[in-house]
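Here is how the chains run, residue by residue.
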Amino acid sequence: QCCFCKPNGVRASQVGVWVPHTRNAGGTRNILVNNFVASALQADGINVHGMLYDVQVQNVYIQNTGDDIFALWGAHSNPANVIFKDCVGVNPGGMRPNFYGNCVATYGLQSVLFEGLKCYAPTVDNPIPSPYDGAIGIDTAMFVFYNSFDANYPVGNQ
């Protein structure tokens, strides 16, 4: 039986919405994710990655992810004018209980606006440490701003 195909005995999609990093010198522009719902995902709910401009994620409901619910991975690409508005996240990391998951995680950005977000996360009494370095990867904070994965937060970011 494939442990990745049906984590915790639940059939789940891999990722809700993924916008990959592009090699296009102009980046990715004018993305709208609107009225999206997902109930079980093995990884992120929404993952926008790389050099992004004018991205709007709105009216989204995501629950039971195996990773972050909303992720912005800019690294050194400095995404700008990214908006997450009127979104709800429930049980981040629920597909990998007590191991990893956050409501909102960023890995580098120039400017982003989070407005009207709600997150419902359980209390984690016994988090499972990473087998690699012993770090705790699940967090019940609304936002985490990571420096890993080549994240960059340039002076003047918003």
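In this convention, every chain numbers its residues from 1, walking through the sequence in written order. Restriction of local features to residues with pLDDT of at least 70 applies here, the model being predicted, together with a cutoff of 80 or more for giving and counting side-chain atom pairs; totals for whole chains, interfaces and linings are based on all residues. By convention in this description, side-chain values take in all heavy atoms of the structure and omit both hydrogens and water.

Q: I would appreciate a short explanation of the overall build of the protein in the present structure.
A: Within the protein one finds 0 helices and 15 strands. Over its C-alpha trace the protein gives a radius of gyration of 15 Å, about what one expects of a compact globule, namely 15 Å for 158 residues. Only protein chains enter the area calculation, which uses a 1.4 Å probe; residues under 20% of their type maximum are buried, those over 50% are exposed, and those in between are partly exposed. A buried classification covers 42% of the 158 residues belonging to the protein. The contact criterion used is simple: two residues touch if any of their non-hydrogen atoms lie within 4.5 Å. Residue pairs in contact within the protein that sit at least 24 positions apart in sequence constitute 78% of those at least 6 positions apart. In the structure as shown, the protein presents an accessible area of about 8200 Å², 52% of it carried by carbon and sulfur atoms. Helix numbering and strand numbering both begin at the N terminus, where a helix is a DSSP run of H or I of at least 4 residues and a strand a DSSP run of E of at least 2. Atoms counted for the radius of gyration: C-alpha only. Globule rule: 2.2 Å times the number of residues to the power 0.38. Only the protein chains shown count as cover for residues, and the accessible areas themselves come from Shrake-Rupley with a 1.4 Å probe.

Q: Sorry, what's going on with the sheet that holds strand β3 (residues 37-38) here?
A: Hydrogen bonds along the backbone pair up the strands of a sheet, which may run parallel or antiparallel. The strand order across the open sheet built from 4 strands is β3-β6-β9-β13, with neighbouring strands paired in parallel fashion. Each edge of the sheet is formed by a strand with only one pairing partner; in this case those strands are β3 and β13 (118-120). Pairing of strand β9 (residues 88-90) with β13, which is carried by 3 bridges, proceeds in the parallel orientation. Bridged to V88 within β13 is K118. Two strands are said to pair when DSSP picks up at least two bridges between them.

Q: I'm lost on the sheet that holds strand β11 (residues 104-106) in this one. Help?
A: In space, the 5 strands of this open sheet follow the order β1-β4-β7-β11-β15, with parallel pairing throughout. Since the sheet does not close on itself, it has two edges, and those belong to β1 (17-19) and β15 (143-145), each with one partner. Taking the axes of each pair of neighbouring strands and ignoring which way they run, one obtains an average angle of 5° across the sheet. Inspection of the sheet shows strand β7 (residues 70-73) paired to β11 by 3 bridges, in the parallel sense. Its bridge partner being in β11, A71 is matched across the sheet by A105. Lines are fitted to the C-alpha atoms to define the axes, a helix being fitted only along its stretch in contact, and any angle between axes, read from their N-to-C directions, falls within 0 to 180 degrees.

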